[in-house]
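Next come the chains, spelled out residue by residue.
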Amino acid sequence: MSVVGAGVTAGTIVLLGVFAVVIDRGGAVGLIAGYQAGELPPEREAELARDVRNLLLVSALSLVPLFVHFTVRGLPSVVHTGVPSVVPLVGVGWLLWKWNGTVQGDAESVF
């Protein structure tokens, strides 16, 4: 068991969860890199906040296999290295495609 690895992973999971809640519930969309609060109408800004919240929560959940690996060492390496690496990349790709790949109103992209 790697106490340091488990602690760092657990801390990262908690931090991602806190950022997700603050961005979505706290209205702190200014924390989203590349976005200035007020650039979008309120309903689109709320949608952006929900999308970023979902991305952060999925990324946090993708770290659970890594945490399990550090605590019990019972997972195949594909699970504890592949899932935490691939899931966030796919999520970020989707977010960038959604918010930069389509024309919304008079702005072509957000980021």
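These figures come from a predicted structure and were not determined experimentally. (Residues numbered from 1 in each chain as written. Predicted model: local features only at pLDDT ≥ 70, side-chain atom pairs only at ≥ 80, totals over all residues. Heavy atoms only, no water.)

Undergrad: Just checking my understanding: could you explain the overall build of the protein chain for this structure?
TA: Looking only at helices and strands, the protein chain has four helices and zero strands in total. The order of α-helices and β-strands along the protein chain, N terminus first, is α-α-α-α. Residue pairs at least 24 apart in sequence account for 61% of intrachain contacts in the protein chain once pairs closer than 6 positions are excluded. When the accessible area of the protein chain is evaluated, it comes to approximately 6,600 Å², of which 69% is carbon and sulfur surface. (Helix = DSSP H or I, 4+ residues; strand = E, 2+ residues; numbered from the N terminus. Contact = heavy atoms within 4.5 Å. Areas by Shrake-Rupley, 256 points an atom, 1.4 Å probe, with all protein chains shown as cover.)

Undergrad: Honestly, the packing of helix H3 (residues 64-72) against helix H4 (residues 77-100) in this entry has me stumped. Any pointers?
TA: A packed helix pair is summarised by two numbers, namely the angle formed by the two axes and the spacing between the axes. Taken N-terminus to C-terminus, the directions of H3 and H4 make an angle of 150°; their axes are 8 Å apart at the nearest point. Here H4 runs roughly antiparallel to H3, going by the angle between their axes. For H3 against H4, the interelement crossing comes out left-handed. Along the contact surface, H3 presents Pro-65, Leu-66 and His-69, while H4 presents Val-79, His-80, Val-83 and Pro-84. Split into classes, the residues belonging to the contact of H3 with H4 amount to five nonpolar, two polar and no charged. (Axes fitted to C-alpha atoms, helices over the stretch in contact; angles between N-to-C directions. Parallel < 35°, antiparallel > 145°, perpendicular 65-115°, else oblique. Left-handed = near helix turned anticlockwise from the far one by under 90°. Nonpolar A, V, L, I, M, F, W, Y, C, P; charged D, E, K, R; others polar.)

Undergrad: How should helix H2 (residues 42-62) be read in this particular structure?
TA: Note that an α-helix has 3.6 residues per turn; residues three or four places apart therefore point the same way. With 21 residues, H2 should reach 30 Å at 1.5 Å per residue; the first-to-last C-alpha distance of 30 Å fits that figure. Buried residues of H2: Arg-44, Glu-45, Leu-48, Ala-49, Asp-51, Val-52, Leu-55, Leu-56, Ser-59, Ala-60 and Ser-62, and no others. Considering only its buried residues, H2 is in contact with helix H1 (3-25), H3 and H4. (Expected span 1.5 Å × (residues − 1). Buried < 20%, exposed > 50% of the residue type's maximum accessible area, 1.4 Å probe, protein only.)

Undergrad: Honestly, the pattern of salt bridges in this entry has me stumped. Any pointers?
TA: Tallied over the full model, the rule gives five salt bridges. Salt-bridge contacts for Glu-47 lead to Lys-98; the nearest nitrogen and oxygen are separated by 2.9 Å. Of this pair, Glu-47 sits in helix H2 while Lys-98 is found in helix H4, placing the two residues 51 residues apart along the sequence. A relative accessible area of 21% means that Glu-47 is categorised as partly exposed. Here the residues in one salt-bridge network are Arg-44, Glu-47, Asp-51 and Lys-98, joined through shared partners. (Salt bridge = Lys/Arg side-chain N within 4 Å of Asp/Glu carboxyl O.)

Undergrad: What am I meant to see in the nonpolar core here?
TA: Ile-23, Ile-32, Tyr-35, Leu-48, Val-52 and Leu-56 are the most contacted members of the largest nonpolar core, which has 19 residues in total. In terms of residue count, the dominant contributor to this core is H2 (six residues). (Core = buried A, V, L, I, M, F, W, Y, C linked by side-chain atoms within 4.5 Å.)

Undergrad: Even after reading the chapter, I still don't get the side chain of Glu-45, so can you show me in this structure?
TA: Positionally, Glu-45 belongs in helix H2. For the buried residue Glu-45, which engages in no salt bridge, the nearest side chain bearing the opposite charge is Arg-44, 10 Å off. Once residues within four sequence positions are removed from consideration, Glu-45 is found in contact with Val-29, Tyr-35, Ala-37, Gly-38, Glu-39 and Leu-40. (Lys, Arg positive; Asp, Glu negative; His and termini not counted.)

Undergrad: What is the right way to read a nonpolar patch on the surface from this model?
TA: Together, Val-14, Leu-15, Val-18, Phe-19, Val-22 and Leu-31 make up a nonpolar patch on the protein surface, roughly 500 Å² of accessible area in all. With relative accessibility at 43%, the residue Val-18 sits in the partly exposed group. (Patch = residues over 30% accessible without salt bridge, like charges linked within 9 Å, V, L, I, M, F, W, Y side chains within 5 Å.)

Undergrad: Explanation requested: the confidence of the model for the protein chain in the structure shown.
TA: Taken over all residues, the pLDDT of the protein chain has a mean of 83, while the share at 70 or more is 87%. Taking the mean pLDDT of every element in the protein chain, the minimum, 85, falls on H4 and the maximum, 91, on H2. (pLDDT = per-residue confidence, 0-100.)

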